[in-house]
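# Structural features, examined
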Amino acid sequence: MHYPWWYVPHLTSPMLIAFIAVVHVLVSHYAVGGGLFLFVETRHAHRTSNREYLDYLHRHARFFVLLTVVFGAITGVGIWWTIGLASPLATEVLIHTFVFGWAMEYVFFVIELAAAFLFLYFWGRVTPRTHVLFAGVYAFAAWVSLVLITGITGFMLNSGNWPERGGFWNGFFNPQFAPQVLARTGGSLLLASMYVYFHASICSPSSALREIIGRRSARPALLGAVLIVAGGAGWFANLPESSVAALMKAPALNIFMAILFAVTVAVFAMLYFGPYRNPAWLTPGFGVLFLMFGIVAVTVGEFVREAVRKPYIVHNVVMSSNILASEIPGHRAAGFLESGPWTRALIAAKFPQVMDGTRIDERRLLDLPPPQRIEAGEILFMHHCNDCHATDTGLSAIPHVTIGWAPEMIHDVVTSPELFHHYMPPFAGTPEESQVLAEWIESVRPPFPAGMRFGPASAEGGE
Amino acid sequence: METVNPQDLVATLGSGGYPAAPWFLMLFKVLGFTLHAVPMNLWYAGVLLAMLLQAFGGEQARRWSARLLRQMPVIIAFGVNLGIVPLLFTQVTHYRVFYPATILIAWPWLSIIALLILAYYGAYWVAHGLRGGETQLRGARVLAGWLVAALFIAIGFVFANGFSLMTNLQDWPAIWQRTQVAGAVTGVAMNSGDPTLLPRFLMFFSLAFTTVAVHMVFDAGALARRESEVYRQSAARLALPVHVAGLAGFAVFGSWYIFGVMPETSRSALLAFPGVIFAVSTALAPGAVAVALFTLRGRPVSFGAGVAVAAMQVLVLGLNAISRQIAQSAELAPHLDITAEPVRWQWSPMVLFLVLFVAGLGVIAWLVRRAVLESRAMESQSNGSPGRG
Ligand code: HEM
């Protein structure tokens, strides 16, 4: 490991990324789709001189700015903060590869901000033409920032031939780029309509106006849903084989995919029979329910997107255990502990007797007395496995997933985790290291659950 | 772990190399920080001063306070965005020390996000209470104002911790030892053992007051066209003592920092040629601004004077950013050689970025100009009087 490892009890630190990412995505997609909504609808309201609609749009714009410019923007910075803390190596690689992509995205952020403030604060103080122009510039800049960040997130899921060829554009236009731009654009449109329905139903303008809003915003929402399905198909078609296998295999992902499918069908039906055909249905209850559906779909979708990347953080480049895929053979020869500056320093300080000069002599690990071997094993666990497994209780806690395991099974899973589940990274250390890691797992593994019956009841068992 | 050599904790050299030459990356790091510092100073010391003047200031002082608090949402929006630039380039150039340092203080570092969201919404709420020319905060909003001031100071303190720890490798082993579980870092530390932390924090906080003072003058000259002559006159009078107070703090804490606690390597880099040029101008430049404020006092600030003083302050902050870079590089020199990294220029993305950067500024200027011109025209139409320029 190139960096120190941040230990977050029970949850594991990468889970923090997932949480912040989900709340961010829920708002940032609205920041894109909502911009388009404000552009198209303000233009329409100006053209039809609909005062009431303009007043509503003014109120919506305030809500929009308050939510996206503050919460949306700062949670976005928050993702960056957490990836730096929980996945420093991946962040390092991504920033060195795409720093100019981010810098360009940042330019569009600043344009977005300026346009959003001008649109809101100069409401009624500029000509309609200029007012609509502000919204248009905002919407365009927001969408471009979506495209720019998608180049990077797509790269993380499928890096294509970048590991061999490298290059900014080669990484940016990865196999996942186009499908994800499509899906995210669709998600922005759909989610924006959901926020609009939610806001309009609560802020209850007149029923005539609600009808206009319901009907007009149903069209982009339906288009968004179609784009999501098309983009989703492209996403699936361009997944690496390992991701498809994970989707097929992991029960949680099976369930998530089923939920995603069900929610999509429900949203289609609600949209069509609701706002599109019967705009009068746009009640607060409908608004809230519909937005909840959107939130569930996005949350589940993001979790699936994250989960199928395992065992990589950056596909074929950075392992979830915070080493480079290319480093695995070297680590197997030289040792996992030896190969990371922090683990090497730790071992040298704690167990000077295993050092051969400044290097760790991995063979000497086995000369340590058992309590110290277990301690060394825990260090290995922390730095090699804790990104997905909690130590005692919590997320996939290692004692829980090894209940009642025999020592040979533990030995096997430690030496070849990838053969148990291909979404675990291979063990990147020496046999001595896997030995002490196995000993630590044995020390925390609970016994087989008592009271389970496998066969006919015996006389003693009936009491 | 007391025996750990801090040098051994610098992260592994990356494999990719830099996407541009170090000078280019450093240029954007320093330029970006200068631009971040301008708005950041305004919320850092400005909200506190605005709340003090709400409580104890006269009518005109409260008027400035209300004006600043009303502008705060926009200032924060741009200031945060401008912070992204230096952070991006810091992570490119200094990843080997930046990530370890922030991981050591992970929870306080991450708390910045939560604190910032709170402070930001608080600032909106406070500004909302002052719309329509209101100058006096009332009720719970007063409390919120103080809370926002405290939150921003707390955030600034965490930043000071993060960036001082990034160069204070000496303390890494002890912090690690104190907060580790099986060698992994729990991230519940601060850089509290570092003698440079407090003077550095106080020095920058004092400097922020000088920027706030300049805001009074700039705002009165360039943005307060609707305010009375009396206000525009008193703004400059109020600015001078604020600036002098900030300047005094800057001198005291700056001397403590540089001559009292700064590591010898950084001090000698700052006091030897060519660093000394920047060190001396960094120390003297705020004085020049004070002189400018002194000559402006008691007169209504003109547009040109407001802009000129603001430009001077940007220069002050720019010089400060250069000096801190010299100190930072000197402190890290024994541990990190950023010129040793291979450079693989990413020409086309870089050029595209630069073009977009310039074009983006152009688009924004064009939009703002349109907004200002049209709103003035509409205003004078509805007033039936000729526009004021
Ligand atoms: C979340 C958005 C922000 C980002 C990305 C950001 C970024 C940065 C960066 C990169 C630096 C170091 C520049 C350098 O030394 O090269 C810095 C310094 C600083 N920032 Fe910000 N900043 C943000 C928000 C804030 C806020 C809300 C405050 C509140 C007061 C703040 C206060 C400071 C202070 C006081 C320093 C100087 C620390 C020191 O070196 O002692 N920043 N910021």
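Residues numbered from 1 in each chain as written. Chains lettered and ligands numbered in written order. Predicted model: local features only at pLDDT ≥ 70, side-chain atom pairs only at ≥ 80, totals over all residues. Heavy atoms only, no water.

## Here's the deal with the overall build of chain A
Counting secondary structure elements, chain A contains 19 helices and four strands. Dimensions of chain A along its principal axes, counting C-alpha atoms only, are 85 × 65 × 35 Å. The buried share of chain A, taken over its 463 residues, is 59%. Within chain A, contacts between residues separated by at least 24 positions form 73% of all contacts whose residues are at least 6 apart in sequence. About 17700 Å² of surface is accessible on chain A, with carbon and sulfur atoms providing 67% of the total. The average position of the 27 basic charges and that of the 30 acidic charges among the side chains of chain A differ by 18 Å. (Helix = DSSP H or I, 4+ residues; strand = E, 2+ residues; numbered from the N terminus. Buried < 20%, exposed > 50% of the residue type's maximum accessible area, 1.4 Å probe, protein only. Contact = heavy atoms within 4.5 Å. Areas by Shrake-Rupley, 256 points an atom, 1.4 Å probe, with all protein chains shown as cover. Lys, Arg positive; Asp, Glu negative; His and termini not counted. Charge placed at Lys NZ, Arg CZ, Asp CG, Glu CD.)

## What to know about the coordination of the iron atom of the ligand
Protein coordination of the iron atom of the ligand is limited to a single donor, H36 of chain B (NE2), which sits 2.2 Å from the metal. Examined against the element boundaries, H36 of chain B turns out to sit in helix α1 (residues 22–44). (Donors = N, O, S within 2.8 Å, 3.2 Å for Na, K, Ca; no water.)

## Some words on a nonpolar patch on the surface
Together, Y272, F273, Y276 and W281 of chain A give the surface a local cluster of nonpolar side chains, amounting to about 410 Å² of exposed area. For W281 of chain A, the location among the structural elements is in the loop between α10 (251–276) and α11 (284–307). (Patch = residues over 30% accessible without salt bridge, like charges linked within 9 Å, V, L, I, M, F, W, Y side chains within 5 Å. Salt bridge = Lys/Arg side-chain N within 4 Å of Asp/Glu carboxyl O.)

## Some thoughts on the domain arrangement of chain A
Residues and elements named next belong to chain A. Taken domain by domain, chain A comprises domain 1 (13–315) and domain 2 (325–462). Averaged C-alpha coordinates put domain 1 and domain 2 at centres separated by 41 Å. With ten residues of domain 1 at the interface, the matching set in domain 2 holds ten residues. When the area that domain 1 buries against domain 2 is broken down by residue, the three leading residues are K249, K310 and P311, summing to 52%. On the surface where domain 1 and domain 2 come into contact, there are zero salt bridges. In this assembly, domain 1 and domain 2 are joined by three residue pairs in polar contact (both at pLDDT 80 or more). Of all the secondary structure elements, the ones that give two or more residues to the side of domain 1 that touches domain 2 are α1 (13–47) and α9 (241–249). In terms of residue count, the dominant contributor to the side of domain 1 that touches domain 2 is α9 (four residues). (Domains from an automatic or database assignment. Buried area = accessible area lost by both parts, 1.4 Å probe. Polar contact = N/O pair within 3.5 Å; in protein donor to acceptor, adjacent residues only side chain to side chain.)

## Thoughts on the interface of chain B and chain A
Taken together, the contact pairs 78 residues of chain B with 70 residues of chain A. For the pair chain B and chain A, the two sides together bury roughly 6700 Å², of which 79% comes from carbon and sulfur. For the interface between chain B and chain A, the tally reads zero salt bridges. Viewed at the interface, chain A and chain B are joined by 14 residue pairs in polar contact (both at pLDDT 80 or more). Counting residues per element, the ones that place at least two in the side of chain B that touches chain A are α3 (59–104), α4 (106–128), α6 (172–178), β1 (180–181), β2 (184–185) and α12 (347–383) of chain B. When grouped by side-chain class, the residues that make up the side of chain B that touches chain A number 58 nonpolar, 16 polar and four charged. (Nonpolar A, V, L, I, M, F, W, Y, C, P; charged D, E, K, R; others polar.)

## Quick notes on the site of the ligand
Taken together, 22 residues form the shell around the ligand, and within it F33, H36, W43, R200 and R324 of chain B come nearest. The site occupied by the ligand is bordered by residues of chains A and B. One of the side-chain nitrogen or oxygen atoms of H36 of chain B is found 2.9 Å away from a nitrogen atom of the ligand. Elements supplying a minimum of two residues to the shell around the ligand: α2 (51–86) of chain A together with α1, α3 and α5 (140–167) of chain B. (Near = heavy atom within 4 Å.)

## Comments concerning the packing of aromatic side chains
In total, this model carries 56 aromatic pairs over all chains according to the counting rule given. Consider the rings of F173 of chain A and F177 of chain A, whose centres lie 5.2 Å apart with planes at 90°: the pair is edge-to-face. By relative accessible area, F177 of chain A is classed as buried at 13%. Put simply, the rings of F100 of chain A together with W23, F24, F28, F89, W345, W347, F353 and F357 of chain B pair up and form one aromatic cluster. Positioned above the aromatic ring of F204 of chain B, the side-chain terminus of R324 of chain B is 5.5 Å from the ring centre. (Phe/Tyr/Trp six-rings, centres within 6.5 Å; stacked < 30°, edge-to-face > 60°. Lys NZ or Arg CZ within 6 Å of the ring centre and 35° of its normal.)

## A look at the packing of helix α7 (residues 197–223) of chain B against helix α8 (residues 229–261) of chain B
Residues and elements named next belong to chain B. At a closest axis distance of 7 Å, the pairing of α7 and α8 adopts a crossing angle of 160°. Taken together, the axes of α7 and α8 lie roughly antiparallel to each other. Every pair of crossing elements has a handedness; the one defined by α7 and α8 is left-handed. Each residue belonging to the contact of α7 with α8 can be placed in one class, and the counts come to 23 nonpolar, six polar and three charged. (Axes fitted to C-alpha atoms, helices over the stretch in contact; angles between N-to-C directions. Parallel < 35°, antiparallel > 145°, perpendicular 65-115°, else oblique. Left-handed = near helix turned anticlockwise from the far one by under 90°.)

## Remarks on the side chain of Q328 of chain B
Residue and element names in this part refer to chain B. Positionally, Q328 belongs in helix α11 (residues 303–332). On the basis of relative accessibility, which here comes to 10%, the residue Q328 falls in the buried class. A distance of 2.7 Å separates a polar atom in the side chain of Q328 from a polar atom in the side chain of K29. Not counting the four nearest positions on each side in its chain, Q328 is found in contact with K29, H94, M166 and T167.

## A short note on the pattern of salt bridges
If you walk through the whole model with that rule in mind, you get 19 salt bridges over all chains. Its salt-bridge partner being D361 of chain A, residue R364 of chain A comes within 3.3 Å of it at the nearest N-O pair. Judged by its relative accessible area of 13%, D361 of chain A is buried. Where R63 of chain B meets E59 of chain B, a salt bridge forms, and the shortest distance between an N and an O atom there is 3.5 Å.

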